[in-house]
Amino acid sequence: MTIDRLLLALPAAALMSLQGGVAAAQAEATQPAAAQPDTEAESESEQPAADLPDGFDILDKHLEASGGAEAGLKVQAMRMLGDFAMPAIGMGGTITISMQAPNSQIINVSLGGMGTMVQGTNGEAAWRQDPGMPMRMLRGPEAEQMIEQAKFHAQYAPREQYTSATTLGTEEMNGEPHYRVGLVSAAGNESVGFYSVRTGLRYMERQVDPDTGAVASEIAYEDYRTIDGGLVMPFKMSISSGGIQQVITYTEIQVDPEFDSSTFDAPGDL
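Residues numbered from 1 in each chain as written. Predicted model: local features only at pLDDT ≥ 70, side-chain atom pairs only at ≥ 80, totals over all residues. Heavy atoms only, no water.

## Points about unusual backbone geometry
Note the threshold: Helix and strand labels come from DSSP, where a helix needs a run of H or I of at least four residues and a strand needs a run of E of at least two; each type is numbered from the N terminus. Relative accessible area decides the class of each residue, using a 1.4 Å probe on protein chains only: under 20% of the type maximum gives buried, over 50% gives exposed, and in between gives partly exposed.
Cis rather than trans, the peptide bond between Ala101 and Pro102 has omega equal to 5 degrees. With respect to the helices and strands, Pro102 occurs in the loop between β3 (91-100) and β4 (104-110). Its identity as a non-glycine residue notwithstanding, Asn174 has a phi of 55 degrees, on the positive side. Tracing the backbone through its elements, the reader meets Asn174 in the loop between β8 (162-173) and β9 (176-185). Using a relative accessible area of 42% as the deciding quantity, one classes Asn174 as partly exposed. Phi at Asp223 is positive, roughly 55 degrees, even though this residue is not glycine. The class for Asp223 is partly exposed, based on a relative accessible area of 39%.

Structure representation (structure tokens):
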């Protein structure tokens, strides 16, 4: 259930093209590229390396705090419904995410009169439709990345999801200490995750540009709640990328809903 990077890829370019240059300038002026929601009291507080836990142990603690692998692996499908907003340009709508093991996923963002954005994969093919544009099949790395990131149970095997997890230090965020963990995914993507020392839950993840080391995007996870099956999930995500902030607030998360047999079929006209 690794939906965060898919969401980063889905709305930004399409929405900015809809709004045009004026909205782009407005978004750049009002929202920095690496916005940090709810981190007023953020500061570094390094511990000696010998005192820091192993990075994979931190991921294991996060996994347990999220309900544990046993509970997570029992879930085979999920539907997430909520509100989608881009505050800097006054745009909002609804979002529905449908997911099914092993790696099928449909993200649908409805923007009222402005249209709908759809992004999906059935594990073999990947497709996307931006508002006012025809559906298109994705090819090459773009499709491969979407299929890889749609792996439903990936987070329950962190040593397969990541090739390395290095504890870099601790950092004060949102009023409490967090472990800062450098992560390299199996696909070679680099990020830094921030995990609460107290609860083990992930508070933030920053994607890093491997060429420059700069923050390329940032995702904050908030309002964790327990859902069916004992899983603990964030009901709010604040995503910042390219000078644009997206806020997703889930109103309902359904565990193992029944999907029509055709839900994850590739569009017929493609």
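Continuing now.
## So, the nonpolar core
To keep it simple, the criterion reads: To qualify as a nonpolar core, a set must consist of buried Ala, Val, Leu, Ile, Met, Phe, Trp, Tyr and Cys residues joined through side-chain atoms within 4.5 Å.
If you look at the biggest cluster of nonpolar residues, it comprises 32 residues, and the most contacted ones within it are Met78, Met80, Ile227, Tyr250 and Ile253. Counting residues per element, the ones that place at least two in this core are β2 (77-86), β3, β4, β12 (215-226), β13 (232-241) and β14 (244-255). The biggest single contributor to this core is β14, with five residues. Ranked by size, the runner-up nonpolar core spans ten residues in total, among them Ile58, Tyr162, Tyr179 and Leu183.

## Focus on the pattern of salt bridges
Spelled out, the test is: What counts as a salt bridge is simple: a side-chain nitrogen of Lys or Arg found within 4 Å of a carboxyl oxygen of Asp or Glu.
Taken as a whole, this structure holds nine salt bridges when the rule is applied. For Arg136, the salt bridge identified is with Glu142, shortest N-O distance 3.7 Å. Between Arg180 and Glu171 there is a salt bridge, and its shortest N-O distance comes to 3.3 Å. On the basis of relative accessibility, which here comes to 5%, the residue Glu171 falls in the buried class.

## Brief notes about the pairing of β8
The condition that has to hold: For two strands to be treated as a pair, DSSP must find no fewer than two bridges joining them.
In terms of strand pairing, β8 meets β9 through ten bridges, oriented antiparallel. Bridge pairing in β9 links Ala165 to Leu183. Between β8 and β9, which pair antiparallel in sequence order, lie two residues; one of them, Asn174, sits at a positive phi of approximately 55 degrees.

## Some details on the layout of surface pockets
The criterion, for reference: Only protein atoms enter the 1 Å grid, on which a cavity is a set of points fitting a 1.4 Å probe that cannot get out and a pocket is an open set with protein on both sides within 12 Å along at least 5 of 7 lines, lining residues being those with an atom within 4 Å of a point. Grid points are joined across faces, edges and corners, and a volume is the space filled by probe spheres set on the points. Residues were grouped as follows: Ala, Val, Leu, Ile, Met, Phe, Trp, Tyr, Cys and Pro as nonpolar; Asp, Glu, Lys and Arg as charged; and all remaining residues, including Gly, as polar.
By volume, the largest pocket amounts to about 410 Å³. Every element with two or more residues in the lining of the largest pocket is listed here: α5 (140-149), α6 (158-161) and β10 (190-196). Looking at which element gives the most residues to the lining of the largest pocket, the answer is α5, with three residues. Within the lining of the largest pocket, the residues separate by chemical class into six nonpolar, nine polar and five charged.

## Re the packing of aromatic side chains
The test is simple: Paired rings are identified among Phe, Tyr and Trp, the last through its six-membered ring, by centres lying within 6.5 Å, and are further divided according to the angle between planes into stacked (under 30 degrees), edge-to-face (over 60) and tilted (the rest). Charge-over-ring placement is defined geometrically: NZ (Lys) or CZ (Arg) within 6 Å of the ring centre, and within 35 degrees of the ring normal.
Evaluated as defined, the whole model comprises one aromatic pair. Ring geometry for Phe259 and Phe264: centres 5.2 Å apart, planes at 80 degrees, overall edge-to-face. Take Phe259 and Phe264: they sit in the same class, and that class is buried. The cationic tip of Arg202 hangs over the ring face of Tyr221; the distance from NZ or CZ to the ring centre is 4.1 Å. The residue whose ring lies beneath Arg225 is Phe235, and the NZ or CZ to ring-centre distance is 4.3 Å.

## Side note on the pairing of β12
Both strand β11 (residues 202-208) and β12 contribute to a ladder of five bridges, which runs antiparallel. When the bridges of β12 are listed, Met204 appears paired with Ala220. Between the end of β11 and the start of β12, which pair antiparallel, lie six residues, with Gly213 showing a positive phi angle near 80 degrees. Two strands pair when backbone bridges link them, and β12 and β13 are joined in this way by nine bridges, in the antiparallel orientation. The residue bridging Glu222 from the neighbouring strand is Lys236, located in β13. Connecting the antiparallel pair β12 and β13 is a turn made up of five residues, with Gly229 showing a positive phi of about 85 degrees.

## A closer look at the side chain of Thr121
For clarity, the threshold we go by: Two N or O atoms form a polar contact when they lie within 3.5 Å of each other; inside protein one atom must be a possible hydrogen donor and the other a possible acceptor, and for residues adjacent in sequence the pair counts only when both atoms belong to side chains.
By secondary structure assignment, the location of Thr121 is in strand β5 (residues 116-121). Among the polar contacts made by the side chain of Thr121, one reaches the main-chain amide nitrogen of Gly123 at a distance of 3.1 Å.

## Regarding the side chain of Ser196
Worth spelling out the cut-off: A contact between two residues is defined here by any heavy atoms of the two lying within 4.5 Å.
You can see Ser196 is positioned in strand β10. Relative accessible area serves as the criterion here: at 5%, Ser196 is assigned to the buried category. A polar atom in the side chain of Ser196 sits 2.8 Å from the side chain of Glu176. Here the side chain of Ser196 touches Arg198 through a polar contact of 3.2 Å, landing on its backbone nitrogen. Among all residues touching Ser196, those that are not within four sequence positions of it are Glu176, Pro177, His178 and Leu201.

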